[in-house]
Amino acid sequence: TYFKVINFFEKIYKESSQSELKFISKRYGFHYILLYPLLFVLAIIRNPQLFSNLLRSLIIYLKGIPKLILSSDYSLVHRDLNFENIIISGKYVYVIDPQLMTVTYKVYEYASTLRYCNDKNLFKEDFFDSIIKECNQEEKMVFGIVSNSMAIHNIAQITREDDGFTQARISLFQFLIDFNNKV
């Protein structure tokens, strides 16, 4: 059902006119390219103990910029699509909480869901594997940038390292770095 919802949003995007889409916020490659360095600096200032991992993520970011610029795999993205926001009632599927929807890379949805699962201690590598199977090579590269950008944003928000939530976000960040180094 999760992938069907994502594909439905993509269909809505492709069938929408420019005049219909003008009311929806957009995040294109240059948004990620401009925001990442600021978040990177903030993450280093707030969490210098993560410097080596942050540096590894910077390398992934720099290598992925050309793919990000050239990719046009945009879709309508919920930005908070998780299992609490998909309601199945009989043969109908309802998606709630759409106020964050934007037009951006389709893989943003995957990264957002992984962050949610991780924050709720629901992260499972088999779910991650099923997401990656949905992606072609270009989408995997864009996923690397988008997920790294999201992870850096999370790290930049951390001001202390003593709670389980913080450790979960750091663990996801490290997992994503390892994954992206393999792509």
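Quantities reported herein were computed from a predicted structural model and do not represent experimental measurements.

K.L.:
Account for the overall build of the chain, naming residues and giving values.
P.N.:
Across its full length, the chain carries eight helices and four strands. Counting helices and strands in the order they occur from the N terminus, the chain gives α-α-α-α-β-β-β-β-α-α-α-α. The globule rule puts the C-alpha radius of gyration for 183 residues at 16 Å, and the 16 Å found for the chain is close to it. Expressed along its principal axes, the backbone C-alpha trace of the chain runs to roughly 50 × 35 × 30 Å. Per-residue burial over the chain gives 46% buried out of 183 residues. Of all intrachain contacts in the chain linking residues separated by at least 6 positions in sequence, the fraction that spans at least 24 positions is 79%. A total of about 9,700 Å² of accessible surface is found on the chain, and carbon and sulfur atoms cover 58% of it. Side-chain charges of the chain comprise 21 positive and 19 negative groups, with the mean position of each set lying 3 Å from the other.

K.L.:
Account for the nonpolar core, naming residues and giving values.
P.N.:
Counting 54 residues, the largest nonpolar core has Leu-54, Tyr-105, Val-107, Tyr-110, Phe-143, Val-146 and Ile-155 as the members making the most contacts within it. Looking at which element gives the most residues to this core, the answer is helix 7 (residues 137-157), with nine residues. Ignoring anything within four residues of it in the chain, the contact list for Leu-54 reads Phe-40, Ala-43, Ile-44, Asn-47, Ile-152, Ile-155 and Phe-173.

K.L.:
Tell me what's going on with the side chain of Ser-147, and back it up with residues and numbers.
P.N.:
For Ser-147, the location among the structural elements is in helix 7. Here Gly-144 takes part through its backbone oxygen, which lies 3.3 Å from a polar atom of the side chain of Ser-147. Dropping the residues within four chain positions of it, Ser-147 is found in contact with Ala-111, Leu-176 and Asn-180.

K.L.:
Residue-level account of unusual backbone geometry, with values.
P.N.:
Positive phi values are uncommon outside glycine, yet Arg-79 reaches one of about 75 degrees. Locating Arg-79 in the fold gives a position in the loop between strand 1 (74-77) and strand 2 (86-89). Judged by its relative accessible area of 18%, Arg-79 falls in the buried class.

K.L.:
Now, about the pairing of strand 2: what can you tell me, with residues and values included?
P.N.:
Note: strand 2 against strand 3 (residues 92-95), four bridges, orientation antiparallel. Bridge pairing in strand 3 links Ile-88 to Val-93. Between strand 2 and strand 3, which pair antiparallel in sequence order, lie two residues; one of them, Gly-90, sits at a positive phi of approximately 65 degrees.

K.L.:
Account for the environment of Gln-99, with residues named and values stated.
P.N.:
Tracing the chain through its elements places Gln-99 in the loop between strand 3 and strand 4 (102-105). As for Gln-99 and His-78, which are separated by 21 residues in sequence, their C-alpha atoms are 8.0 Å apart. Among the polar contacts listed, one links the side chain of Gln-99 to the side chain of Asp-97, at a separation of 2.6 Å.

Here is what the cut-offs are and how they apply
- Residues numbered from 1 in each chain as written.
- Predicted model: local features only at pLDDT ≥ 70, side-chain atom pairs only at ≥ 80, totals over all residues.
- Heavy atoms only, no water.
- Helix = DSSP H or I, 4+ residues; strand = E, 2+ residues; numbered from the N terminus.
- Rg over C-alpha atoms; globule rule 2.2 N^0.38 Å.
- Buried < 20%, exposed > 50% of the residue type's maximum accessible area, 1.4 Å probe, protein only.
- Contact = heavy atoms within 4.5 Å.
- Areas by Shrake-Rupley, 256 points an atom, 1.4 Å probe, with all protein chains shown as cover.
- Lys, Arg positive; Asp, Glu negative; His and termini not counted.
- Charge placed at Lys NZ, Arg CZ, Asp CG, Glu CD.
- Core = buried A, V, L, I, M, F, W, Y, C linked by side-chain atoms within 4.5 Å.
- Polar contact = N/O pair within 3.5 Å; in protein donor to acceptor, adjacent residues only side chain to side chain.
- Pairing = 2+ DSSP bridges.

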